[in-house]
Amino acid sequence: MNTHLLRLLAACAIAAAGTTAAARQRAADADRKEWIQLFNGRDLSDWTIKFAHHDLGENYNDTFRVEDGLLKVRYDKWTEWHGEFGHIFYKQPFSYYLLAAEYRFVGDQLAPAAAINLNWAKRNNGLMLHCPDPKTMMKDQDFPISIEVQLLGGLSDGKPRPTANLCTPGTNVVMNGALHTPHCTNSTSKTYDGDQWVRVEVLVHGDELIRHMIDGQSVIEYSKPQIGGAGASPTDPKVKVDGTILSGGFIALQAETAPADFRKVELLNLEGCMDPKARTYKSYFVKSNPSACR
């Protein structure tokens, strides 16, 4: 075999190896999950606050704050309470995603709320999904029209108190093939007593599927979230149009008289470029968005 042919074969082998390596790298890049940190650990610059009876943007009594790298809900500056439920909204809406939050409850319920037996709000927070733009909320509105992944802490009394439940302020869902109208429905999770950290995940496929997960296990799921029913008031009738299917929206956290911490709020967007030839392709996308292809 002559020298020229040997060199040609060697060059072909190197090129093939390079192509294989490049293909492996592209596959690895396509599989690599790009989590969006909704809470950046430093400040609330990406969030908008709304308290009932207060204007949009007012952080009443400095309730939402960032300290020690945690997003905190605190009531140490409150002396009374008159239904000022609070919510803090991330800056942009999403439709298809995996949402994860790591939370814990700390300390006792705000005393004026405890004095009026607001027992359901003890160690209670929530991830509010598919919310309309917070700019559409009425000044006195208590809860956003939304699907709530209710977060509950155990009360250390030996009684079950599951977390990652479903609540429906101004909404209904379809469960087991039928319209489901109860305001709150318990999940099958265990009870988490004390101030321990808990990680909750929520898989959202628009209006097709919403699944709550604890420790990687599904604890409740449903579909076809839609506007309807009570649990949010007062609302703008131009916004609360019963029967409207909710396929996406804003995400919010709550302040419901219970001190709580969030050390992580992150989201894996499942909507994007599904063309394997594009560099922005991800193998885990489930909803195509051709405009995201590069």
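Calculation notes
Residues numbered from 1 in each chain as written. Predicted model: local features only at pLDDT ≥ 70, side-chain atom pairs only at ≥ 80, totals over all residues. Heavy atoms only, no water. Helix = DSSP H or I, 4+ residues; strand = E, 2+ residues; numbered from the N terminus. Buried < 20%, exposed > 50% of the residue type's maximum accessible area, 1.4 Å probe, protein only. Contact = heavy atoms within 4.5 Å. 1 Å grid on protein atoms, 1.4 Å probe; cavity = no way out; pocket = protein on both sides within 12 Å on 5 of 7 lines; lining within 4 Å. Points joined across faces, edges and corners; volume = space filled by probe spheres on them. Nonpolar A, V, L, I, M, F, W, Y, C, P; charged D, E, K, R; others polar. Disulfide = S-S within 2.5 Å. Pairing = 2+ DSSP bridges. Polar contact = N/O pair within 3.5 Å; in protein donor to acceptor, adjacent residues only side chain to side chain. Salt bridge = Lys/Arg side-chain N within 4 Å of Asp/Glu carboxyl O.

So, about the overall build of the protein. Each helix and strand in the protein was counted, giving two helices and 19 strands. Over its C-alpha atoms, taken along the principal directions, the protein stretches across nearly 95 × 40 × 40 Å. Relative to its full complement of 294 residues, the protein shows a buried share of 49%. Considering only intrachain contacts with a sequence separation of at least 6, the fraction spanning at least 24 residues in the protein is 68%.

Scanning all chains against the criterion turns up two cavities of 30 Å³ or more. Taken as a whole, the largest cavity holds about 60 Å³ of empty space. In terms of lining residues, the largest cavity is bounded by Pro132, Thr136, Met137, Gln141, Pro144, Ile145, Thr235, Asp236 and Val239. For the second largest cavity, the calculated volume is near 50 Å³. Looking at the lining of the second largest cavity, the element that brings in the most residues is strand 6 (residues 96-105), giving three residues. The class makeup of the residues in the lining of the second largest cavity is five nonpolar, three polar and two charged.

As a further point, take the state of the cysteines. When the sulfur atoms of two cysteines share a covalent bond, that bond is a disulfide. The tally for this structure, following the rule as stated, stands at two disulfides. Residue pairing for Cys167: its cysteine sulfur links by disulfide to Cys184, the two sulfurs lying 2.0 Å apart. Sign of the S-S torsion, about 110 degrees for the bond between Cys167 and Cys184, identifies this disulfide as right-handed. With Cys167 in strand 9 (residues 165-167) and Cys184 in strand 12 (residues 184-185), this pair connects stretches of sequence that are 17 residues apart. Judged by relative accessible area, which is 2%, Cys167 ranks as buried. Between the sulfur atoms of Cys273 and its disulfide mate Cys293 the distance is 2.1 Å. Across the S-S bond of Cys273 and Cys293 the torsion is about 95 degrees, and the bridge reads as right-handed. Taken together, the residues Cys273 in the loop between strand 18 (271-272) and strand 19 (287-288) and Cys293 in the segment after strand 19 connect sequence positions 20 residues apart. Among the cysteines of the protein that take part in disulfides, numbered as they appear in the sequence, the pairing is 1-2, 3-4. Note on Cys131: no disulfide assigned, nearest cysteine sulfur contributed by Cys167 at a separation of 13 Å.

With that settled, consider the sheet that holds strand 9. Within the open sheet, the seven strands sit side by side as 2-5-16-7-8-9-12. Their pairing is antiparallel. The open sheet has two free edges, formed respectively by strand 2 (47-51) and strand 12, since each of these has just one partner strand. Summarising the sheet, strand 2 and strand 5 (residues 86-90) pair through five bridges and their orientation is antiparallel. Paired with Thr48 across the two strands is Phe89, which belongs to strand 5.

Another point: the side chain of Glu201. Position of Glu201 among the secondary structure elements: in strand 13 (residues 198-205). At a separation of 3.2 Å, a polar atom in the side chain of Glu201 contacts the side chain of Arg199. Beyond its immediate chain neighbours, meaning those up to four positions away, Glu201 contacts Leu98, Leu99, Ala100, Arg211, His212 and Met213.

Before going further, it helps to examine the pattern of salt bridges. Inspection of every chain in the model, using the stated rule, returns 23 salt bridges. Asp261 is the partner of Arg104 in a salt bridge, and the nearest nitrogen-oxygen pair spans 2.9 Å. Taken together, the positions of Arg104 in strand 6 and Asp261 in strand 17 (residues 260-269) put the pair 157 residues apart, joining distant regions of the chain. Residue class for Arg104 comes out partly exposed when judged on its relative accessible area of 24%.

Our next topic: the environment of Arg32. Here Arg32 is to be found in the loop between helix 1 (3-31) and strand 1 (36-37). Given the relative accessible area of 46%, Arg32 is considered partly exposed.

What follows is about unusual backbone geometry. Looking along the chain, the bond that leaves Ser233 and enters Pro234 is cis, with omega of -10 degrees. Checked against the element boundaries, Pro234 lands in the loop between strand 15 (217-227) and strand 16 (250-255). Positive phi is not limited to glycine here, since Asp68 has a value of about 55 degrees. If you trace the backbone, Asp68 turns up in the loop between strand 3 (64-67) and strand 4 (70-73). A residue is classified by how much of its surface remains accessible, and Asp68, at 72% relative accessible area, is exposed. Of note in this structure, Asp215 is not a glycine but carries a positive phi near 55 degrees.

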